[in-house]
Amino acid sequence: MQFVDHVRITVESGAGGDGMVAWRREKFVAYGGPAGGDGGDGGNVILEAVTDLNTLLDFKYKSHFKAGDGERGRSKNQHGKRGEELTIQVPCGTVVYDAETGKAIADLINPGDKAIVAGAGRGGRGNSRFVTATRQAPQFAEPGEPGIKRELILELKLIADVGLIGLPNAGKSTLISVISAAKPKIADYPFTTLTPNLGVVRKSDGDGIVMADIPGLIEGASEGIGLGHDFLRHIERTRLLLHLVDIAVTEEKDPLEDYKIIQAELKKYSDKLANKPQVVVLTKADAIGDPESLDAIRNRFEAEIHDQVLVISAVSRQGLEEMLNAVFRRLADLPQSEDIIEVESDTKAFLNDDSDFEVHRAGKVLHVLGGKLDRLVRVTDLRNGAATRRLVNIFKAMGVFDELGKAGAKPGQTVVIGGQEFEYQPPDAPA
Ligand SMILES: Nc1nc2c(ncn2[C@@H]2O[C@H](COP(=O)(O)OP(=O)(O)OP(=O)(O)O)[C@@H](O)[C@H]2O)c(=O)[nH]1
Ligand SMILES: [Mg+2]
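The notes below deal with the structure included here. (Residues numbered from 1 in each chain as written. Chains lettered and ligands numbered in written order. Predicted model: local features only at pLDDT ≥ 70, side-chain atom pairs only at ≥ 80, totals over all residues. Heavy atoms only, no water.)

1. Details of the coordination of the magnesium ion (ligand 2)
Turning to step 1, where the next piece is worked out: In the first shell of the magnesium ion (ligand 2), the protein supplies Ser173 (OG) and Thr193 (OG1), at 1.9 to 2.1 Å from the metal. Pair noted here: serine 173 is in helix α2 (residues 172–179) and threonine 193 is in the loop between α2 and β10 (197–202), with a separation of 20 residues, a long-range link.
Turning to step 2, where the next piece is worked out: On the basis of relative accessibility, which here comes to 9%, the residue serine 173 falls in the buried class. (Donors = N, O, S within 2.8 Å, 3.2 Å for Na, K, Ca; no water. Helix = DSSP H or I, 4+ residues; strand = E, 2+ residues; numbered from the N terminus. Buried < 20%, exposed > 50% of the residue type's maximum accessible area, 1.4 Å probe, protein only.)

Encoded structure:
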């Protein structure tokens, strides 16, 4: 199975349905009172973390998602139907970024975690909602709000307690296959592992921890050599790293140099990863016949890193229990979760910007900017004179024209409000 951990998708929420202009039919009465129903709201687009996915592969085939639009309002004050909501399933550990800003907007870690990434457009109100003492027969209704369309980057960062790192062939996959039920491919050539494997390692009391086996790193990985180093994102969220060093290669290579190569590559990826708690594990001890040379290697490592160094053989199972005990002990002292994602509040999923307005001059044109005004313009049918007159009255009541006057607007001048052009009228002119 192909493992995909980085995709770009487009999501679009449903537009709200337009409000309706309709009249009650009564015998002998031309306009029996307004009876136009509201348009239905559109559907939201939601991302949800689920356990039965572990790659973003599906998004390679389908990357465009749209929720249903709301239906338009009907006569007899009947409201339009709501648009269908769209829930997109993603694997646990999916981080969601706004593609435009690059900011993380959601981190879906646990099954059931959800984020609304595109909020539905609201349905427009029908004409019966615009009745006032002086306006018994409103000839207009609100259009529905548009949906929100945006691009997102989804990135899978696995969630595991322990990450296995080391050069290719260090014995990472062999170790996880021996201490968990995971059955990754194992072979005596480099880059056997191309995509991460997760395994659950059980303690004697039944508690389990999750271990991640990832591809091997080599010198220059940060410059793209070998498999590069992007896959390190899968151990960013681990609490502890097991650094496996093959000591069966002493003839041609120095294991301590191998160790340093990996440390240097971790640092090139991020200081955070390089400084993550680490346990150094010398592997393939069965291949070293002489116990004294084994001790000598261990001593050299301990002198270098000033910490305990473990020695194992996955093949003969030597040292495995001691290693697991050390891992469980270290984990017990470490915080439960490693949150490395700083999620910013997602301001683009909803059209609910209620900010007040400001007047800006851009050359000769005066712009009035503000979320509240944007919304008002959006839900006004500007081809309809009555609706537009109402909008202009609201502008006046909000003090928009006063502010435009202060900013030097001349009667008849074009001003831009909510992205639409209007003619400026002094505040005391009749609507
Ligand atoms: N003698 C001995 N050989 C081992 C031991 N552990 C792994 N090997 C062998 O080392 C080779 C590489 O093992 P893998 O587990 O595939 O190594 P890896 O670190 O996952 O390698 P990549 O996936 O390529 O990064 C295989 O031929 C294994 O059989 C061990 O404890 N003793
Ligand atoms: Mg492997």
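Now that the structure has been shown, the text picks up again.
2. Considering the packing of helix α7 (residues 371–378) against helix α8 (residues 385–398)
Turning to step 1, where the next piece is worked out: Packing of α7 against α8 leaves a shortest axis separation of 11 Å and a crossing angle of 165°. The orientation of α7 relative to α8 falls into the category roughly antiparallel. In the packing of α7 onto α8, the handedness of the crossing is right-handed. Where α7 abuts α8, its residues Lys372, Leu373, Leu376 and Val377 lie against Leu391, Ile394, Phe395 and Met398.
Turning to step 2, where the next piece is worked out: In terms of residue class, the contact of α7 with α8 is built from 7 nonpolar, no polar and 1 charged. (Axes fitted to C-alpha atoms, helices over the stretch in contact; angles between N-to-C directions. Parallel < 35°, antiparallel > 145°, perpendicular 65-115°, else oblique. Left-handed = near helix turned anticlockwise from the far one by under 90°. Contact = heavy atoms within 4.5 Å. Nonpolar A, V, L, I, M, F, W, Y, C, P; charged D, E, K, R; others polar.)

3. Side note on empty space enclosed by the protein
Turning to step 1, where the next piece is worked out: One pass over the structure, following the stated rule, counts 1 cavity of 30 Å³ or more.
Turning to step 2, where the next piece is worked out: As for the largest cavity, its lining consists of Phe130, Phe140, Ala141, Glu142, Val379, Thr380, Asp381, Ala387 and Arg390.
Turning to step 3, where the next piece is worked out: Taken together, the residues of the lining of the largest cavity break down into 5 nonpolar, 1 polar and 3 charged. (1 Å grid on protein atoms, 1.4 Å probe; cavity = no way out; pocket = protein on both sides within 12 Å on 5 of 7 lines; lining within 4 Å. Points joined across faces, edges and corners; volume = space filled by probe spheres on them.)

4. With respect to the pattern of salt bridges
Turning to step 1, where the next piece is worked out: Summed over all chains, the structure comprises 28 salt bridges.
Turning to step 2, where the next piece is worked out: Across the pair glutamate 151 and arginine 8 runs a salt bridge, and its minimum N-O distance is 2.5 Å. Highlighted residues: glutamate 151 in strand β8 (residues 149–156) and arginine 8 in strand β1 (residues 6–12), separated in sequence by 143 residues.
Turning to step 3, where the next piece is worked out: Glutamate 151 gets classed as partly exposed once you look at its relative accessible area, which sits at 34%.
Turning to step 4, where the next piece is worked out: Taking the shortest distance from any N to any O, the salt bridge between glutamate 403 and lysine 406 comes out at 3.2 Å. Residue glutamate 403 and its partner lysine 406 are located together in helix α9 (residues 400–406), separated by 3 residues, close to a single helical turn.
Turning to step 5, where the next piece is worked out: Since its relative accessible area comes to 67%, lysine 406 is described here as exposed.
Turning to step 6, where the next piece is worked out: Connected through salt bridges with shared partners, the residues Asp5, Glu155, Lys157, Arg233 and Glu236 form a single ionic network. (Salt bridge = Lys/Arg side-chain N within 4 Å of Asp/Glu carboxyl O.)

5. As for the site of ligand 1
Turning to step 1, where the next piece is worked out: What surrounds ligand 1 is a group of 22 residues, the closest being Lys172, Thr174, Phe191, Thr193 and Asp286.
Turning to step 2, where the next piece is worked out: Here an oxygen atom of ligand 1 sits 2.9 Å away from a polar atom, N or O, in the main chain of glycine 171.
Turning to step 3, where the next piece is worked out: Within the side chain of threonine 174, an N or O atom sits 2.5 Å from an oxygen atom of ligand 1.
Turning to step 4, where the next piece is worked out: For ligand 1, whose free accessible area comes to 660 Å², the fraction covered by protein is 86%.
Turning to step 5, where the next piece is worked out: More than half of the atoms belonging to ligand 1 lie within 2 Å of the grid points that define the second largest pocket.
Turning to step 6, where the next piece is worked out: A per-class count over the shell around ligand 1 returns 10 nonpolar, 8 polar and 4 charged. (Near = heavy atom within 4 Å. Polar contact = N/O pair within 3.5 Å; in protein donor to acceptor, adjacent residues only side chain to side chain. Areas by Shrake-Rupley, 256 points an atom, 1.4 Å probe, with all protein chains shown as cover. Sits in = over half its atoms within 2 Å of the grid points.)

6. Quick notes on the packing of α2 against helix α6 (residues 320–332)
Turning to step 1, where the next piece is worked out: Relative to each other, α2 and α6 sit at 90°, their axes nearing to 12 Å. By the criterion of interaxial angle, the relationship of α2 to α6 is roughly perpendicular. Seen from α2, the contacting residues are Leu175, Val178 and Ile179; seen from α6, they are Leu320, Met323 and Leu324.
Turning to step 2, where the next piece is worked out: Looking at the contact of α2 with α6 residue by residue, the class counts come to 6 nonpolar, no polar and no charged.

7. Focus: the sheet that holds β8
Turning to step 1, where the next piece is worked out: Spatially, 5 strands are ordered β3-β1-β8-β5-β6 in an open sheet, and the strand pairing comes out mixed. Each of the sheet's edge strands pairs with one partner strand only, and the pair in question is β3 (64–66) and β6 (104–108). Looking at each pair of strands side by side, their axes are set apart by 25° on average, direction ignored.
Turning to step 2, where the next piece is worked out: The sheet contact formed by strand β5 (residues 94–98) and β8 spans 5 bridges and is antiparallel. Note on β8: the bridge partner recorded for valine 96 is leucine 154. (Pairing = 2+ DSSP bridges.)

That is the geometry; function is a separate question.
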